[in-house]
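Chain residues, written in single-letter form:
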Amino acid sequence: MSAILAAAALLVWPNRAPVDRLRKRPQRANLVVPQVFLVPLAAATAWWLAGVGALTAGTLLTLTTIRVAKTRAKQRNRLTATESLTTGLAAVVDELRAGAHAAGAAESAAQDCPEPARQVFKAIAATARLGGDVHNTLTAMAADHPQLHTALPQLARAWHVSTDLGVPLAEALDAVRDDLTQRTAFAKQTDAKLAGPRASAAVLAALPVFGLLLGQLSGAHPLHVLTATTPGQVLLVLGALLTCTGLLWTTHITSQAVLP
């Protein structure tokens with residue numbers, strides 16, 4: 001009987017979790033360091049630990065890393081924007097072949113496209129509805145959309161050919177769509193094939209670090225030479241400069257090869 005009563009008592013025991021959630025707890029003071037102070041703090045620490053050479057080398061490597069990351073992000077954004085424009089062009093071509101007006105076809109495509117292709121098709125729809133010059137509109141938009149600075153002039157020329165020479169607009173836009181599709185596919189294939197060279201460049205850039213670690217473990221004390229002597233400081237900056245130059249040159253070559 002006592003066991004049954006104990007089990008019943010456990011079943012009806014009040015749950016303190018809701019009360020604890022409603023009870024105000026003292027807030028802990030979190031130390032928030034603004035990001036604007038992190039870079040000077042890191043620079044001051046590097047200067048104090050390893051001298052001006054380490055500060056200069058670290059700055060060069062940081063700026064190079066940021067530049068490489070921005071270049072890669074720009075490539076991805078350009079591929080994504082070109083793909084969205086291609087998808088929208090396919091929808092416009094289908095609408096035109098079904099008998100829709102150019103303004104209505106562009107407006108319909110704008111509803112399903114992400115930015116910046118949505119802005120492009122909205123501008124086309126507004127200009128075509130008012131009877132304006134779509135060629136001039138697209139040419140002007142190319143300067144405001146660097147992701148599409150190659151595709152928009154091509155699209156503008158196709159619209160110009162259709163307007164001035166009487167070529168069916170659906171056929172002209174379909175030719176642009178097909179060309180952009182092939183160029184985007186080629187850019188993706190090239191980017192995938194360049195993954196190996198990019199990895200090799202990253203490994204080569206990191207080899208000096210492993211060399212320093214091996215030298216330190218073997219008792220040669222290369223860190224002392226690089227941080228505590230004037231020739232070492234000069235060599236540290238020179239090595240960082242050569243590494244950054246190699247990374248930037250490799251990024252430039254690979255980025256030019258994968259542009260759609």
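Predicted model only: the values in this text are computed from it and were never measured. (Residues numbered from 1 in each chain as written. Predicted model: local features only at pLDDT ≥ 70, side-chain atom pairs only at ≥ 80, totals over all residues. Heavy atoms only, no water.)

## Here's the deal with the overall build of the protein
The helix and strand tally for the protein stands at 11 helices and 0 strands. Residue burial in the protein is summarised as follows: out of 260 residues, 29% are buried. For the protein, long-range pairs separated by at least 24 residues make up 62% of all intrachain contacts whose partners lie at least 6 apart in sequence. For the protein, the accessible area works out to roughly 16,900 Å², and carbon and sulfur atoms hold 66% of it. (Helix = DSSP H or I, 4+ residues; strand = E, 2+ residues; numbered from the N terminus. Buried < 20%, exposed > 50% of the residue type's maximum accessible area, 1.4 Å probe, protein only. Contact = heavy atoms within 4.5 Å. Areas by Shrake-Rupley, 256 points an atom, 1.4 Å probe, with all protein chains shown as cover.)

## Section: the nonpolar core
Within the largest apolar cluster, 37 residues are counted, with the highest numbers of intra-cluster contacts made by Leu-85, Leu-96, Val-120, Phe-121, Ile-124, Leu-138 and Leu-173. Secondary structure elements with two or more residues in this core: α3 (38-97), α4 (102-110), α5 (117-129), α6 (134-144), α7 (151-165) and α8 (169-193). No other element matches the 7 residues that α5 contributes to this core. Contacts of Leu-85, omitting those with residues within four sequence positions, involve Ala-117, Val-120, Phe-121, Leu-148, Ala-151 and Leu-180. (Core = buried A, V, L, I, M, F, W, Y, C linked by side-chain atoms within 4.5 Å.)

## Remarks on unusual backbone geometry
Trans peptide bonds make up the majority, and among non-glycine residues the majority have a negative phi. Here the residue pair Glu-115 and Pro-116 is connected by a cis peptide bond, since its omega of 0 degrees sits within 30 degrees of zero. Along the polypeptide, Pro-116 turns up in the loop between α4 and α5. For His-221, which is not glycine, the phi dihedral falls at a positive 55 degrees. Following the sequence through the fold, His-221 ends up in the loop between α9 (195-217) and α10 (222-228).

## A short note on the packing of α6 against α7
Each packed pair of helices is defined by two parameters, the angle between the axes and the distance between the axes. Here α6 crosses α7 at 175 degrees, and the two axes come no closer than 8 Å. In terms of orientation, α6 and α7 fall into the roughly antiparallel class. Contacts between α6 and α7 involve Val-134, His-135, Leu-138, Thr-139, Met-141 and Ala-142 from the former and Leu-152, Pro-153, Leu-155, Ala-156, Arg-157, Trp-159 and His-160 from the latter. Its residues placed into classes, the contact of α6 with α7 shows 9 nonpolar, 3 polar and 1 charged. (Axes fitted to C-alpha atoms, helices over the stretch in contact; angles between N-to-C directions. Parallel < 35°, antiparallel > 145°, perpendicular 65-115°, else oblique. Nonpolar A, V, L, I, M, F, W, Y, C, P; charged D, E, K, R; others polar.)

## Re the UniProt feature "transmembrane region" (unreviewed entry) in the protein
Feature annotation in UniProt assigns "transmembrane region" (unreviewed entry) to the following positions: residues 45-69, 201-220 and 232-250. Across residues 201-220, the secondary structure splits into 85% helix and 0% strand, with the terminal C-alpha atoms separated by 27 Å. Annotation note: span residues 232-250, helix share 100%, strand share 0%, distance between end C-alpha atoms 27 Å. (UniProt positions renumbered as here; feature names shortened; annotations may be inferred.)

## So, the environment of Ala-151
Topologically, Ala-151 is positioned in helix α7. Every residue in contact with Ala-151, bar those within four places of it in the chain, is listed here: Leu-85 and Leu-180.

## What to know about the confidence of the model for the protein
On average, the protein scores 80 in pLDDT, and the residues at 70 or more come to 80%. Taken element by element, the predicted model of the protein shows its lowest mean pLDDT in helix α1 (residues 2-11) (39) and its highest in α5 (91). The model gives residues 1-13 a pLDDT under 50, and that stretch makes 0 contacts with residues more than four places away or in other chains. Note on residues 16-22: pLDDT is under 50 here. Beyond four places in sequence and across chains, it has 2 contacts. (pLDDT = per-residue confidence, 0-100.)

## Concerning the environment of Thr-181
Mapped onto the secondary structure, Thr-181 falls in helix α8. Residues Thr-181 and Thr-87, 94 residues apart in the sequence, show an inter-C-alpha distance of 9.1 Å.

## Some points on helix α11 (residues 230-257)
With 28 residues, α11 extends 41 Å between its outermost C-alpha atoms, agreeing within 8% with the 40 Å of an ideal straight helix rising 1.5 Å per residue. Of the residues making up α11, those classed as buried are Gly-232, Gln-233, Ala-240, Cys-244, Thr-251, Thr-254 and Ser-255. (Expected span 1.5 Å × (residues − 1).)

## Examining α7
Structurally, the α-helix is built with 3.6 residues per turn, so residues lying three or four positions apart point the same way. A rise of 1.5 Å per residue sets the reference length of α7, with its 15 residues, at 21 Å; its end C-alpha atoms lie 21 Å apart and thus fit the reference within 8%. Positioned one or two residues after α7, Gly-166 has a phi angle of 80 degrees, which is positive.

## A short note on the pattern of salt bridges
Applying the stated rule across the entire model yields 8 salt bridges. Here Arg-177 makes a salt bridge to Asp-174, at a shortest N to O gap of 2.9 Å. With Arg-177 and Asp-174 both in helix α8 and 3 residues apart, the pair spans about one turn of that helix. You can call Asp-174 buried: its relative accessible area is 18%. Here Arg-198 makes a salt bridge to Asp-191, at a shortest N to O gap of 2.9 Å. Overall, Asp-191 belongs to the partly exposed group, its relative accessible area being 21%. (Salt bridge = Lys/Arg side-chain N within 4 Å of Asp/Glu carboxyl O.)

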